[in-house]
Amino acid sequence: MVSRVIPVKTFDLVIFGGTGDLARRKILPGLFRRFCAGQMPPDAAVVGAARSDMDSASYRDFVGEAVREFGGEETKADGKLAAFLERLHYVPIDARGEAGWRELAALMRAGTVHAFYFSVAPSLFGDLAERLNQHGLTDEDSRIVVEKPFGRDLASAKELNRDLAAFFDESQIYRIDHYLGKETVQNLMAVRFGNMLFEPLWNSQYVDHIQITVAETVGVGGRGEYYDKSGAMRDMVQNHLMQLLCLIAMEPPSQFNPDAVRDEKLKVIRALDDVEPHHIVRGQYDAGDEGPSFREEVGDARSRTESYIAMKVGVSNWRWAGTPFYLRTGKRLKARCSEIVVVFKALNHSIFGEQEDHRNVLSIRLQPDEGMTLGVTIKEPGPGGMRLIDVPLDMSFAEALGENGDQTDAYERLIMDVIRGNQTLFMRGDEVEAAWAWTDPIIDGWDTRGDVPKIYDSGSEGPVDAVQLLARDTRVWRKVAS
Ligand code: BG6
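Residues numbered from 1 in each chain as written. Predicted model: local features only at pLDDT ≥ 70, side-chain atom pairs only at ≥ 80, totals over all residues. Heavy atoms only, no water.

Asks: Is there a simple way to explain the environment of Leu22 in this structure?
Replies: As for its position among the elements, Leu22 is in helix α1 (residues 21–36). Each C-alpha atom, one on Leu22 and one on Tyr411, is 9.9 Å from the other, the two residues being 389 residues apart in sequence. (Helix = DSSP H or I, 4+ residues; strand = E, 2+ residues; numbered from the N terminus.)

Asks: Just to check I follow, could you spell out the pairing of strand β13 (residues 371–379) for this structure?
Replies: In the case of a regular strand, side chains alternate between the two sheet surfaces. Bridging between strand β12 (residues 361–367) and β13 involves five bridges; their strand directions are antiparallel. Paired with Ser363 across the two strands is Thr373, which belongs to β13. Pairing of β13 with strand β14 (residues 388–396), which is carried by nine bridges, proceeds in the antiparallel orientation. Bridged to Thr377 within β14 is Asp390. (Pairing = 2+ DSSP bridges.)

Asks: Which parts of the structure should I look at to understand the sheet that holds strand β9 (residues 308–313)?
Replies: Where strands meet in a sheet, backbone hydrogen bonds hold them as pairs that are either parallel or antiparallel. Taking strand neighbours across the sheet as the criterion, the nine strands line up as β14-β13-β12-β11-β7-β10-β9-β8-β15 in an open arrangement whose pairing is mixed. Looking along the sheet, the strands with just one partner apiece sit at the ends: β14 and β15 (454–456). On average, adjacent strands in this sheet sit at an angle of 20 degrees to one another, irrespective of strand direction. Note that strand β8 (residues 280–285) and β15 share three bridges and pair parallel. The residue bridging Gln284 from the neighbouring strand is Ile455, located in β15. Of the strands in this sheet, β7 (207–215), β9, β10 (325–330), β11 (337–344) and β12 touch helix α8 (residues 224–249), which is tilted by about 140 degrees from β10. Each of β8 and β9 is contacted by helix α13 (residues 429–449), which is oriented at about 120 degrees to β9, the strand it contacts most. (Axes fitted to C-alpha atoms, helices over the stretch in contact; angles between N-to-C directions. Contact = heavy atoms within 4.5 Å.)

Asks: Sorry if this is basic, but what is going on with the packing of helix α9 (residues 258–270) against α13 here?
Replies: Working note: a packed helix pair is described by the angle between its axes plus the distance between those axes. For the pair α9 and α13, interaxial distance at closest approach is 9 Å and the crossing angle is 15 degrees. Between α9 and α13, the angle falls in the class roughly parallel. In this structure, α9 meets α13 at a crossing whose hand is left-handed. Each of Arg262, Lys265, Leu266, Ile269 and Arg270 in α9 lies in contact with α13, whose residues at this interface are Asp430, Glu431, Ala434 and Ala435. When its residues are assigned to classes, the contact of α9 with α13 shows four nonpolar, no polar and five charged. (Parallel < 35°, antiparallel > 145°, perpendicular 65-115°, else oblique. Left-handed = near helix turned anticlockwise from the far one by under 90°. Nonpolar A, V, L, I, M, F, W, Y, C, P; charged D, E, K, R; others polar.)

Asks: What should I look at first to understand the packing of α1 against helix α12 (residues 410–420) in this one?
Replies: Put simply, α1 and α12 touch, their axes get as near as 8 Å, and they point 70 degrees apart. Taken together, α1 and α12 sit at an angle that is classed as roughly perpendicular. The chirality of how α1 crosses α12 is right-handed. On the side of α1, the interface is formed by Leu22, Lys26, Ile27, Gly30, Leu31, Arg33 and Arg34, while α12 contributes Tyr411, Glu412, Ile415 and Met416. Its residues assigned to classes, the contact of α1 with α12 comprises six nonpolar, one polar and four charged.

Asks: How do you make sense of the side chain of Asp208 when you look at a structure like this?
Replies: Relative to the assigned elements, Asp208 resides in strand β7. Residue contacts for Asp208: discarding those within four places in its chain leaves Thr323, Pro324, Val343, Phe344, Lys345, Arg359 and Arg475.

Asks: Help me understand the packing of aromatic side chains, please; the structure alone is not making it clear to me.
Replies: The way to describe two aromatic rings as a pair is by their centre distance and the angle between their planes. For the coordinates displayed, the defined rule picks out 18 aromatic pairs. Geometrically, the ring pair formed by Tyr174 and Phe426 is edge-to-face, given 4.9 Å between the ring centres and 85 degrees between the ring planes. Within this pair, whereas Tyr174 is found in strand β6 (residues 173–175), its partner Phe426 is found in the loop between α12 and α13, the two being separated by 252 residues in sequence. Here the two residues Tyr174 and Phe426 agree in accessibility, since each one is buried. Here the aromatic rings of Tyr326 and Trp477 are separated by 6.1 Å at their centres, their planes lie at 75 degrees, and the arrangement is edge-to-face. Residue Tyr326 is found in strand β10, and its partner Trp477 is found in the segment after α14 (464–471); the two are separated by 151 residues along the sequence. Each residue in the set Phe16, Trp101, Phe116, Phe118, Phe125 and Phe150 is aromatic and connected to the rest through ring pairs, giving one cluster. (Phe/Tyr/Trp six-rings, centres within 6.5 Å; stacked < 30°, edge-to-face > 60°. Buried < 20%, exposed > 50% of the residue type's maximum accessible area, 1.4 Å probe, protein only.)

Asks: Where do I start with the sheet that holds strand β3 (residues 88–92) in this structure?
Replies: Read from one edge of the open sheet, six strands run β3-β2-β1-β4-β5-β6, paired in parallel fashion. Whereas interior strands pair on both sides, the edge strands pair on one side only; in this sheet they are β3 and β6. Sheet twist, expressed as the average angle between the axes of neighbouring strands with direction ignored, equals 20 degrees. With five bridges joining them, strand β2 (residues 45–50) and β3 adopt parallel strand pairing. The residue bridging Val46 from the neighbouring strand is Leu88, located in β3. Sitting on the sheet, helix α2 (residues 56–70) touches β2 and β3, and the angle it makes with β3 is about 115 degrees. Against the sheet, helix α5 (residues 125–134) contacts β1 (11–16), β4 (113–118) and β5 (143–146), and its axis sits at roughly 155 degrees relative to β4.

In structure tokens, the structure reads:
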């Protein structure tokens, strides 16, 4: 069975930065796949808008190439790509000047959903919002989509929120964190709130600690300039890992609706403890078979930016006080693996006498090889007494769901949610600000103290100090699958 496709209302989607990397790799190929799935109405239109001086015909060539490269199998199907490209237009535009705005206005049709994707530097968000308003391109049903990074600290995030709020209501602003569009990330909510089994145990009385790992094998590559100013804390922790933590830690919302979900996430962020400097390990990868060192890639031999971070985080609320969350993420590590591990407490009393420490461990694999494993304790087969062993109840979503497993990319799902007007999987302004309010003092502390990240080998599991971070609490990281 193939996943259910619910058609959306017809729309005019304008992609500012329509020739950029994100548009080429994710947004346009994603739209093409939704088109092939029959979700895009036949008269929906996509307008690329950017500085480059080209016409719609050459934009279609550009998009055709991008879709052939990143669009997947369907690009080979007869006629589909050509039919999709017919939906495209291009307008050369100046975000800060007058050029192009009248032409863009002429393309927007009355009675359709108007969505504007700001796939541009955040410094242009305010200008674009203002121009859209000035040229009468928006009404109360229009939406704008903004990409991360949403600010680089609390002050800049507040400024961006203010710039957008001058022209748009919060209900029209869709702040993307693509992790929320991942099938398996949404599954965290289904697992927690769709089963009777887990929720009664989901608290500090039964859970010893939680590990959240997002490990990547890639380095910073061509993004050195951006990344050297961000580091893993701003690039991954403040948004993606924070969102994962929220979904794992939040209280059950009363309903699955945008504000109910986001209210609960916000409460988690506000309950995060300040992080002690010795509860954080920062690392930077060295050169290896996989490529040059971080410092070579960013072009700064003295860079103090981290490409790896591990930290112990406390959530001070009734449910979680006393149960630490250990987060880690990094580039150029041994394996690509995103996983959440819930380690339950040991039994209060064992009727089987002296045994090794046996605990239930629930692992939720987000990528790759999405699935869940629950470690259960059973009797070791054979005579000779009651010896216990731990075995996995293992479920791979691909095996369990077969063709029903959904391969929809995060971006295609999120874009369609924008058109549908569903903000559940998008970050609200106050959520982003709260995340920065927690992150800022940590980063400021490094700057003030002049902290230098530890160097780790490319292709390793990161700095050894991260192992010690858990060892001090007599705990160990789960092995990252290789
Ligand atoms: C992006 C970060 O937001 O997420 C990148 O800027 C990172 O540095 C990427 O590589 C990871 O996303 P995914 O979907 O590959 O896990």
